[in-house]
Amino acid sequence: MITLTLTTRSRTEFVDITAQVRREITAAGIKEGICTVFVPHTTAGVTINEHADPSVVDDLLMQLKKLAPAEGSYRHAEGNSDAHIKASLMGASQAVIIENGAPVLGTWQGIFFCEFDGPRTRKVWLQIK
Ligand code: ZN
């Protein structure tokens, strides 16, 4: 297992980790397989979406904020229920196919770490097999 460490800068933020994942796949020397990208946090997630136009991420964050506003009648007393909800909407893992030693992604796709309760130091675990 490989651990990536990220430092986020805002409460909510998407961090494009495609290049780091690609580097780790190259370093692992696996030609055909799967890279599992797993986020071991309850207020962060991982998703695959467009990384060519940054407006797509802006729109995703805007709509997630509407679905789970920071202020709401939540029961969880820690004050970050919106972050837990957004984390579950994005999910904790993604699987990426590896072919010819590289991740196979659609033309416009990138892998994003999704911060919902930053800024913090975060981890992403990769298993490349
Ligand atoms: Zn909490």
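Presented here is a report on the structure given in the accompanying data block. Remember, it's a predicted structure, so these values are computed and weren't measured experimentally.

Before going further, it helps to spend a moment on the nonpolar core. Side chains of a nonpolar character, in soluble globular proteins, are inclined to be buried together. Within the largest apolar cluster, 20 residues are counted, with the highest numbers of intra-cluster contacts made by I17, C35, I111, F113 and V124. Listing elements by their share of this core, those giving two or more residues are strand 1 (2-7), helix 1 (18-28), strand 3 (33-38), strand 4 (44-50), strand 5 (93-99), strand 7 (109-115) and strand 8 (121-128). Ignoring sequence-local partners within four residues, the contact set of I111 consists of V15, D16, I17, T18, V21, V46, T47, I48, V96 and L105.

With that out of the way, let us pick up the coordination of the zinc ion. Note on the zinc ion: its protein donors are H76 (NE2), E78 (OE), N80 (OD1) and H84 (NE2). The metal-donor distances range over 1.8 to 2.2 Å. The coordination sphere of the zinc ion comprises four donor atoms, whose angles at the metal cover 92 to 152 degrees; the geometry is irregular. Written as a sequence motif, the donor arrangement for the zinc ion is H-x1-E-x1-N-x3-H.

Strand order in this open sheet of three strands is 2-7-4, and the pairing throughout is antiparallel. With partners counted over all chains shown, the strands left at the sheet margins are strand 2 (13-16) and strand 4, one partner each. If you compare each strand with its neighbour and ignore which way they point, the axes differ by 35 degrees on average. Here seven bridges tie strand 4 to strand 7, and the two strands are oriented antiparallel to one another. Note on strand 7: the bridge partner recorded for G45 is C114. Lying over the sheet, helix 2 (residues 55-67) contacts strand 2, strand 4 and strand 7, oriented at roughly 145 degrees with respect to strand 2.

Reading the values: the criteria
- Residues numbered from 1 in each chain as written.
- Predicted model: local features only at pLDDT ≥ 70, side-chain atom pairs only at ≥ 80, totals over all residues.
- Heavy atoms only, no water.
- Core = buried A, V, L, I, M, F, W, Y, C linked by side-chain atoms within 4.5 Å.
- Buried < 20%, exposed > 50% of the residue type's maximum accessible area, 1.4 Å probe, protein only.
- Helix = DSSP H or I, 4+ residues; strand = E, 2+ residues; numbered from the N terminus.
- Contact = heavy atoms within 4.5 Å.
- Donors = N, O, S within 2.8 Å, 3.2 Å for Na, K, Ca; no water.
- Tetrahedral: all angles 85-135°; square planar, octahedral: opposite > 155°, others 65-115°.
- Pairing = 2+ DSSP bridges.
- Axes fitted to C-alpha atoms, helices over the stretch in contact; angles between N-to-C directions.

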